[in-house]
Amino acid sequence: MIKNDIRSVLKQALENCYQQGALTSGEFPAEIQLEVPKNPEHGDYATNLAMMLARSEGKAPRRIAEVLAESLRADALFDAVEIAGPGFINFRLAVGYWAKVLHHIYAEQEQFGRSQVGAGVKVQVEFVSANPTGPLHIGHGRGAVVGDALAAILAAAGFDVQREYYINDAGNQVQTLGRSILLRLRELQGKVIDFPEDGYQAAYVTELAEGLRQEQGELADLNEEEAISRCTRFGVDQILKWIDTDLKAFGIHFDNWYSEQSLYDRDMVEQELGRLKEKGLTYEEDDALWLRTTEFGDDKNRVLIKSDGSYTYFASDVAYHLEKFDRGFDRVIDVWGADHHGYIPRMKAMLKGFGLPAAALEVLLIQMVNLLRDGQPFVMGKRSGNFITLREVIDEVGRDACRFFFLMRRCDSQLDFDLELAKQNSSDNPVYYVQYAHARICSINRNAAAVGMEQPTLAQFDFSYLTLAEEIALIRQLSRFPEAIEGAALHYEPHRLVFYLQDLAALLHSYYNRHRVLDEDAQVTSARLYLVNAVRIVLANALGLLGVSAPEQM
RNA sequence: GCGCCAGUAGCUCAGCUGGAUAGAGCAACGGACUUCUAAUCCGUAGGCCGGGGGUUCGAAUCCCUCCUGGCGCGCCA
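Residues numbered from 1 in each chain as written. Chains lettered and ligands numbered in written order. Predicted model: local features only at pLDDT ≥ 70, side-chain atom pairs only at ≥ 80, totals over all residues. Heavy atoms only, no water.

(A) Highlighting the pattern of salt bridges. Under the definition given, this model contains 25 salt bridges. Here D298 and R302 are joined by a salt bridge, their closest N and O atoms 2.8 Å apart. For D298, a relative accessible area of 5% translates into the label buried. Between K324 and D334 there is a salt bridge whose closest N-O contact spans 3.2 Å. Of this pair, K324 sits in helix 12 (residues 313-326) while D334 sits in strand 11 (residues 331-337); the two residues are 10 residues apart in sequence, bridging distant segments of the chain. Residue classification places K324 among the buried positions, given a relative accessible area of 0%. (Salt bridge = Lys/Arg side-chain N within 4 Å of Asp/Glu carboxyl O. Buried < 20%, exposed > 50% of the residue type's maximum accessible area, 1.4 Å probe, protein only. Helix = DSSP H or I, 4+ residues; strand = E, 2+ residues; numbered from the N terminus.)

(B) Layout of the nonpolar core. With 149 residues, the main nonpolar core has I6, F91, L154, F406 and F417 as its most contacted residues. For this core, the element with the highest residue contribution is helix 21 (residues 522-546), accounting for 14 residues. Counting contributing residues per domain, this core is built from domain 1 (2-93) and domain 2 (428-546), each supplying no fewer than three. The contact partners of I6, leaving out residues within four places of it in the chain, are L34, Y45, L77, F78, F91 and L93. Core analysis: the next-biggest nonpolar cluster, separate from the first, contains 30 residues, L281, F325, W336 and M350 among them. (Core = buried A, V, L, I, M, F, W, Y, C linked by side-chain atoms within 4.5 Å. Domains from an automatic or database assignment. Contact = heavy atoms within 4.5 Å.)

(C) A look at the sheet that holds strand 2 (residues 45-47). Ordered by their spatial adjacency, four strands build an open sheet running 1-2-4-3, and the pairing between neighbours is antiparallel. Each edge of the sheet is formed by a strand with only one pairing partner; in this case those strands are strand 1 (34-35) and strand 3 (78-84). Alignment of strand 1 against strand 2, held across two bridges, turns out to be antiparallel. Of the residues in strand 2, the one forming a bridge with L34 is T47. (Pairing = 2+ DSSP bridges.)

(D) Examining the protein's contact with RNA strand B more closely. Around RNA strand B sit 67 residues, and of these F88, Y436, S443, N447 and R516 come closest. When the atoms of RNA strand B within 4 Å of the protein are grouped by moiety, sugar and phosphate amount to 67% of the total. At 3.3 Å from a phosphate oxygen of RNA strand B is found a main-chain nitrogen or oxygen belonging to Y313. Every element with two or more residues in the surface near RNA strand B is listed here: strand 1, helix 2 (49-57), strand 4 (88-93), helix 6 (172-188), strand 9 (288-291), helix 17 (430-450) and helix 20 (495-514). Its residues placed into classes, the surface near RNA strand B shows 24 nonpolar, 26 polar and 17 charged. (Near = heavy atom within 4 Å. Polar contact = N/O pair within 3.5 Å; in protein donor to acceptor, adjacent residues only side chain to side chain. Nonpolar A, V, L, I, M, F, W, Y, C, P; charged D, E, K, R; others polar.)

In structure tokens form, the structure reads like this:
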């Protein structure tokens, strides 16, 4: 990648300066910072290296920059090396470099943009993990898309990625579901029931009970506890099928579905808690077993086993997470709803107490989604069952728009999701803006083919016909795609790719409006076709990582 | 009361580990379709980056404090 090339050139220049005595401190910054200047007049890349060295060298930044620049100007990588502002060194890449970028894209095709920064690191992304007590709603959708896109981006950056869904199929919530189903079943049988307030009121519970009707005879023979257990199992299985179906409609698949109940079935909770005990991290008090999380940054200690002998939810979660590391993951990423943020300190404390590095667990908090229709908030009540399911939203606005909207914002800021806006086929809708750029290029290709113009090959491509500022700007943006993926991966920020895409699409539309690709001059046409098809490849690659389609025609 | 997240143009939001003149879309206003799809483009206007202090060559970004909004603070899951 170009940034690394520049870095090594800089490092070499610095070494030269030290050897020649032009600079004396002998200091090498841990990482040489390279940035893309906001103002294009400041070149393609810039470094603040001279400013960083100012203190140890005891010289003015601009003088240090001058010394470094002298050594850098000889390098063939650059057309220009300039000193500017308080001591920035600005680089303008040599023209020949841009031709190489295009060749590189053609050589790599759908692989272009991938890197190896994450090579050898095994990472798990756990996301959605919604309780199997009801259909997915809109909030789950955001977490689902963010987790899915992040996993794809991490994989593109070379990480070894696994997508996992944790099924909370043990404990009170699913018991309550089972009880609710049983009650509805009895109601269907004509019995008078007293439905509890903390039961699941929504209509789908009755739907599930309907599904059990054929077995009602059998169920009647069971005692209450066994009947509830049967209802629970049926309900959970059925709801998980719904969830899986909805996720598939959203283009999301998991490598692994991990059952909480299986932790108990395999005595994993007992075993993992035993390991915590051995490390002296637990103590007994008031007939309960506690974990000393306060010693590692939590504000209070946490109960693992209640005084009645049952495990807390935290206990199984501890076991679950410890087992993730047993499974060999170097890094574990959890995608949670922001309302669970209070849970992070105890989880991190537990891992820290266990001797795992703080960075081993990364929790991505997904902020709330405010559903709007024509600018008016859509109020949803959870218990009442008055909510919009994810499926309904996907069916209404479409998978592409839905995914794109969820990815448009940084995930730790709240998101306004306007159903009408997401549906509009207009300039208000950023999804189409990007997709249209792709479709336009495909359209140009069809027109080129219609007049017998062939797609240029590497051998036919003549870079000297690409002389316009807009053309160089496009290639510059293309060259930054690998950096965009790497940044999105290392910072766990899929939205960066959305912004990258919008910038690239904007450059393409602007170019399209100002200049014709299919020109009178065959040579010019050929070179431009080569360029726009490189753009097409990158648009498709980026959209692919986000799980949004790249249509050939709109 | 304590903690987490947020506060940037009228609205919705970017701003990468502190960098050069704070950006984009929408809305507003003015333009561009006999020309590869106008789902597009070009231009104008719009800002004490919530307030106040500090750190330094340099702060929207880091620290302190206050204000506002959202969400959490169970031997619930």
